[in-house]
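Below are the chains, spelled out letter by letter.
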Amino acid sequence: MAYMSQERKNELAPKIKAVLKKYGMKGTIRVANDRVTLAVRVKAGKLPIIENFAMGLTDIARSNAVLKSRCLNVNPYWIDDYYTGNCKKFLKELIAAMNDGNHDRSDHRSDIMTDYFDVGWYTDISIGDWNKPYEMVK
């Protein structure tokens with residue numbers, strides 16, 4: 001069963017903060033969703049993550065909506081498809097730091113009722129927020 005404690009979050013925090021600092025990003029780390037998720041909210045930084053993501057979209061209306069809102073939730077399974085350059089490197093390093101010591105023994109081909117959710121904890125990365133958009137800094 002997935003579980004993220006404050007103690008484990010505090011153990012992972014220095015690695016996560018090191019990745020944020022390396023790329024000139026500012027963010028917060030918290031335990032979310034009834035203690036099953038490690039969440040990082042990137043508030044500001046030097047990387048144009050919103051623009052980088054929007055460039056990967058083929059739907060112009062959706063791309064404009066993302067640019068206007070200045071916030072998004074990162075899908076870790078689509079980083080290679082929607083991000084490029086330093087934005088891609090940053091997100092991959094951030095996910096690696098967030099998952100240090102995590103496990104995923106889910107076997108999607110066998111009995112999904114017993115082992116589908118066999119993970120140590122879930123991760124969530126958001127860029128900005130609906131009420132406080134991501135801010136580019138120089």
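Structure's up top.
Residues numbered from 1 in each chain as written. Predicted model: local features only at pLDDT ≥ 70, side-chain atom pairs only at ≥ 80, totals over all residues. Heavy atoms only, no water.

**Digging into the overall build of the protein**
Part 1 of the reasoning: Secondary structure assignment for the protein yields six helices and five strands.
Part 2 of the reasoning: Secondary structure elements in the protein, listed N-terminal to C-terminal, are α-β-β-α-α-β-α-α-α-β-β.
Part 3 of the reasoning: Compactness check: the protein gives a C-alpha radius of gyration of 16 Å against a globular reference of 14 Å for 138 residues, within 12% of the reference.
Part 4 of the reasoning: Overall, the protein is about 45 × 35 × 25 Å in size when its C-alpha atoms are taken along their principal axes.
Part 5 of the reasoning: Within the protein, the proportion of its 138 residues that are buried is 38%.
Part 6 of the reasoning: A separation of at least 24 residues holds for 60% of the contacts in the protein among residues at least 6 apart in sequence.
Part 7 of the reasoning: Element-wise, carbon and sulfur atoms account for 53% of the exposed surface of the protein, whose accessible area totals about 8,700 Å². (Helix = DSSP H or I, 4+ residues; strand = E, 2+ residues; numbered from the N terminus. Rg over C-alpha atoms; globule rule 2.2 N^0.38 Å. Buried < 20%, exposed > 50% of the residue type's maximum accessible area, 1.4 Å probe, protein only. Contact = heavy atoms within 4.5 Å. Areas by Shrake-Rupley, 256 points an atom, 1.4 Å probe, with all protein chains shown as cover.)

**Concerning the side chain of Thr37**
Part 1 of the reasoning: Positionally, Thr37 belongs in strand E2 (residues 37–45).
Part 2 of the reasoning: Overall, the relative accessible area of 5% leaves Thr37 in the buried class.
Part 3 of the reasoning: Among the polar contacts made by the side chain of Thr37, one reaches the side chain of Asn33 at a distance of 3.2 Å.
Part 4 of the reasoning: Among all residues touching Thr37, those that are not within four sequence positions of it are Met4, Arg30, Val31, Ala32, Tyr122, Thr123 and Asp124. (Polar contact = N/O pair within 3.5 Å; in protein donor to acceptor, adjacent residues only side chain to side chain.)

**Comments concerning helix H5 (residues 85–98)**
Part 1 of the reasoning: Compared with an ideal rise of 1.5 Å per residue, which puts 14 residues at 20 Å, H5 spans 20 Å between its outermost C-alpha atoms and is within 8% of the ideal.
Part 2 of the reasoning: Burial in H5 covers these residues: Cys87, Phe90, Leu91, Leu94, Ile95, Ala97 and Met98. Looking down the long axis of H5, one finds its buried residues gathered within 160 degrees of arc, a one-sided arrangement. Facing away from the buried surface of H5 by more than 90 degrees, the exposed residues are Lys89 and Ala96. (Expected span 1.5 Å × (residues − 1). Arc of directions from axis to C-beta.)

**Regarding the environment of Asp34**
Part 1 of the reasoning: Relative to the helices and strands, Asp34 resides in the loop between strand E1 (25–32) and E2.
Part 2 of the reasoning: Sequence-wise, Asp34 and Ser5 are 29 residues apart; in three dimensions their C-alpha atoms are separated by 10.0 Å.

**Structural notes on the packing of aromatic side chains**
Part 1 of the reasoning: As enumerated under the stated definition, the model contains four aromatic pairs in all.
Part 2 of the reasoning: Ring centres of Phe53 and Tyr82 lie 5.5 Å apart, and the angle between their planes is 40 degrees; this geometry places the pair in the tilted category. Here Phe53 is found in helix H2 (residues 49–55), whereas its partner Tyr82 is found in helix H4 (residues 79–82), with 29 residues between them in sequence.
Part 3 of the reasoning: Taking relative accessible area as the criterion, Tyr82 reaches 24% and is therefore assigned partly exposed.
Part 4 of the reasoning: Through pairs of rings, three or more aromatic residues link up here, namely Phe53, Trp78, Tyr82 and Tyr83. (Phe/Tyr/Trp six-rings, centres within 6.5 Å; stacked < 30°, edge-to-face > 60°.)

**Here's the deal with the pairing of E2**
Part 1 of the reasoning: Taking burial as the measure, the nine residues of E2 include seven buried ones, the bulk of the element.
Part 2 of the reasoning: As judged from the eight bridges shared by E1 and E2, these two strands associate in the antiparallel manner. Bridging across to E2, Val31 finds its partner in Leu38.
Part 3 of the reasoning: Judged from the six bridges that link them, E2 and strand E4 (residues 122–127) form a sheet pairing that is parallel. (Pairing = 2+ DSSP bridges.)

**So, the pattern of salt bridges**
Part 1 of the reasoning: The tally for this structure, following the rule as stated, stands at six salt bridges.
Part 2 of the reasoning: Several salt bridges share partner residues, and in doing so they unite Asp80, Lys88 and Lys92 into one network. (Salt bridge = Lys/Arg side-chain N within 4 Å of Asp/Glu carboxyl O.)

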